[in-house]
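As a plain string of letters, each chain reads:
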Amino acid sequence: MSYQQIYERRLSQAMQRKASAKSRATTALAREFFSSDDTANTLERYNDDQNCDWISLIRRLVKLSDYLQERSSGGNNVTDESLPVIVSNKIGESRRVALGAAVFNQAPSTFLDEIRSLFEALLKARQNKWKRERAVDESMDVDDEEEDDQNCGADELLLSEEGQLYQSLSTLGWLSNQFQTPFREALHSVMMEAIKSLIAGDFETEGMLDQTLEWKSQVLVPWVYSVVGAEVYECEQWAAQLEYAASECFVHVRMNELFDLVTEYPESLPAVRELQLALDRTGRIFYEKLAFEWRQALVQRLIHPGAQTSQIIDVYINTIKVLREMDPSGELLQVVTQPVRDYLRGREDCVRCIITSLTDEEGGGDLYEELKRQDAKPLEEAQLDEEDEEEPPTFDWQPPPSILQRRGVITGQVGKVSSSSRRAGDILSMLVGIYGSKELFVNEYRIMLADKLLSNLEYNTDAEVHKLELLKLRFGESSLRSCEVMVKDIDDSKRIHTNIRSTLELNSSRDDPPVVDAAIVSHIFWPHLQRDSMRHHKKIQSKLDQFCKEYEKLKNPRRLVWMQQLGTVEMEVEAYETDADGNVVSYVKDVTCTPAHATLLANFEDKSQWALEDLSDEVAMSEEMVRKRMGFWVNQRVVQVNRSGEDLIYSLVSASYVNSNDHSFIDHNDDDEQELAVSLGAHEEEEMKVYESYIVGMLSNLGQLPLQRIHTMLKTFVSGSEHNYDKTPNQLAVFLQQLCKEDKLEVAPDGMYKLLKKSAN
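All values reported here derive from a predicted model rather than from experimental measurement.

When you go through the protein residue by residue, the secondary structure sums to 34 helices and eight strands. Across the 761 residues in the protein, those meeting the buried criterion constitute 42%. A total of about 41,800 Å² of accessible surface is found on the protein, and carbon and sulfur atoms cover 47% of it.

Further remarks concern the pairing of strand 8 (residues 752–755). Looking at chain direction, strand 6 (residues 704–706) and strand 8 are connected through three bridges and run antiparallel. Each bridged residue has a counterpart across the sheet, and for Leu 705 the counterpart in strand 8 is Tyr 753. Pairing analysis gives three bridges linking strand 7 (residues 745–747) to strand 8, with the strands arranged antiparallel. Looking at the pairing, Val 747 lines up with Tyr 753 of strand 8.

Let us look at the confidence of the model for the protein. A residue-level look at the protein finds 79% of positions with pLDDT of 70 or above and a mean pLDDT of 79. Ignoring residues within four places in sequence, the model shows residues 384–390, a span with pLDDT below 50, making eleven contacts including any to other chains. Low pLDDT, under 50, characterises residues 413–424; the predicted model gives this stretch 37 contacts beyond four residues in sequence or across chains.

Each pair of packed helices can be summarised by the angle the axes make with each other and by the distance between the axes. Close contact between helix 18 (residues 350–359) and helix 24 (residues 439–454) brings their axes to 9 Å; oriented N to C, the two are set at 65°. Along this stretch, helix 18 crosses helix 24, giving a crossing that reads as right-handed. Counted together, Val 351, Arg 352, Ile 354, Ile 355, Thr 356 and Thr 359 of helix 18 and Leu 440, Phe 441, Glu 444, Tyr 445, Ile 447, Met 448 and Lys 452 of helix 24 form the full contact between these two elements. Residues that form the contact of helix 18 with helix 24 fall into these classes: eight nonpolar, two polar and three charged.

Right, let's talk about the environment of Val 219 for a bit. Within the secondary structure, Val 219 is located in helix 10 (residues 208–228). By relative accessible area, Val 219 is classed as buried at 2%. Sequence spacing of Val 219 and Leu 123 is 96 residues, and the spatial spacing of their C-alpha atoms is 8.1 Å. Contacts of Val 219, omitting those with residues within four sequence positions, involve Leu 123, Arg 126, Gln 127 and Trp 130.

Calculation rules
- Residues numbered from 1 in each chain as written.
- Predicted model: local features only at pLDDT ≥ 70, side-chain atom pairs only at ≥ 80, totals over all residues.
- Heavy atoms only, no water.
- Helix = DSSP H or I, 4+ residues; strand = E, 2+ residues; numbered from the N terminus.
- Buried < 20%, exposed > 50% of the residue type's maximum accessible area, 1.4 Å probe, protein only.
- Areas by Shrake-Rupley, 256 points an atom, 1.4 Å probe, with all protein chains shown as cover.
- Pairing = 2+ DSSP bridges.
- pLDDT = per-residue confidence, 0-100.
- Contact = heavy atoms within 4.5 Å.
- Axes fitted to C-alpha atoms, helices over the stretch in contact; angles between N-to-C directions.
- Left-handed = near helix turned anticlockwise from the far one by under 90°.
- Nonpolar A, V, L, I, M, F, W, Y, C, P; charged D, E, K, R; others polar.

What follows is the structure, given as structure tokens:
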């Protein structure tokens, strides 16, 4: 036979088989199964006008099951339908396969979705019935009474037919193969929805995991048992699968609430502990996903320019506490909080915020409580590994965590547990670890302490001494030695002030009492203070000179050098205002200002009107600075300002000026802001000069050096000096570029820096 004849013969046989298949009873039954008549009748029984094709599936599946049972009861007679292939020794199994092939051959694409919807409806009906039976339990979400009455009838009708459905599925044998996927999808979907409604947003109630497992035992287990049958339930270990699935859904719900768990800590502590139990039930596989989700939540909701640094630090502290509770190994903490540490390292005010919270007794919160801990250890000891500790045992000794607890939750490897982990997490050491050095924090505390001490007009240092002693326990005494000298300076100033004041009171009249109080500081141990020069008014300068003479007698041969723009002056000034009747009245008010403000106003006792240029020459300050300072008195309605051509003329406020409607301030900004005693810019400039001297010395001796080598040598040699080197390589590169612009250094194309050789003219 030729190939053409063989092809035509096989095509003819295929057409005959196709025609025979269309005339089979199973094919006709499959067409009837997917007809819409039964669906319309069933929708009428359920009083549902929606297009829900799954509603009629129970009756249609029962009809298919009845067909197989009728054929099986009639024996192995196959005269009604020819079976081209015998797939089993039993004719009933062959009919089941043929019927399944016919049904799924004609099934629409939405058939499995309808099966899933049917399983979801059955499981929800079981759940609603369980809710109604447990309506007295306040922890369960119960539907409204009207809605519950409407759904109750439909649920009861659906549950009354589920027995026939499960028997039909057992007869057809489709559940273990064709319906396995929609059955599990429906199970997981309803389980997630039910557990979410049960625990979502509730972080304070204890026993939420137990309630979830109770719901699983009373709803899921009986339903799955009735669907798959006793034999399959035991064989496929459905009890263990449902236990795992319930814990998995519990973890997934809490994963979407990780940021809220952190922000509401410690109120959310019960939810944190139950999440840990659920993770232990699911194994280590979910810890990696948990770390990713937690990391993403922090990046999206916390690390952005709109969040204040103090808020980021508070969330970071809570994150440390939560993760220490969940993972004693600390591995999860390292992975989750790494973006937060990197972001905080780039914020300029991070160190200041940490020190402010650490020393704020009223609003410091967790950080101040951390500082007051009785079991607080120095930072060096808090960061040691457990094998490096050589502390003698005490009655409070606790054994280290077991090998299972020490196992990393992500990698599963056994690692060292630091002493800070065993002490419930040393938060301060974690914050200091962001920068890797405590010197930054010590320097920032010196600056803050200087401002607090110099603004303390009563010479009261008790609170600062208490905080300093607490800080010495954590940062070490040697690091805070300069701060001790600063506090001692204020105490000595109080004693000196008392002696000098008593002497001046004896030598002065009642009409001219001593008015100068001074804080005498040892400038070597203090940060760089504001040293802008100015010329005081002669009346103020005479009071200062009088104090200096008495100090020289008391502390000979020491001399005082005034920092002229630092300090506080309390004055009584006359001002005008309009009373309730519209009359202009004068009154005397107390004003607290800086020495610069006091000197400027004192000059108006000598002359009632000053031009800006003349006043600037009189006090030896720049015109811009005088204009800024005079804005304070203009806004206090003590001085008025007018324009004469391009010049500004200042004069004391008069009653006629207040009564007039022309109160133009001529773009004078209010200068009533508190200034810092420490000059941060001058302090940084002084540091840069020190670094420059070291860099010039290196390049003079070694010729040319790359950036990284200069950075390493600065860390080595500058660490023991007064100005510690705490810059990053990027900051150093910016500084070196500045030196190149100033023609002090030059950089080669290969990145080597060397001193610039200037040609002799």
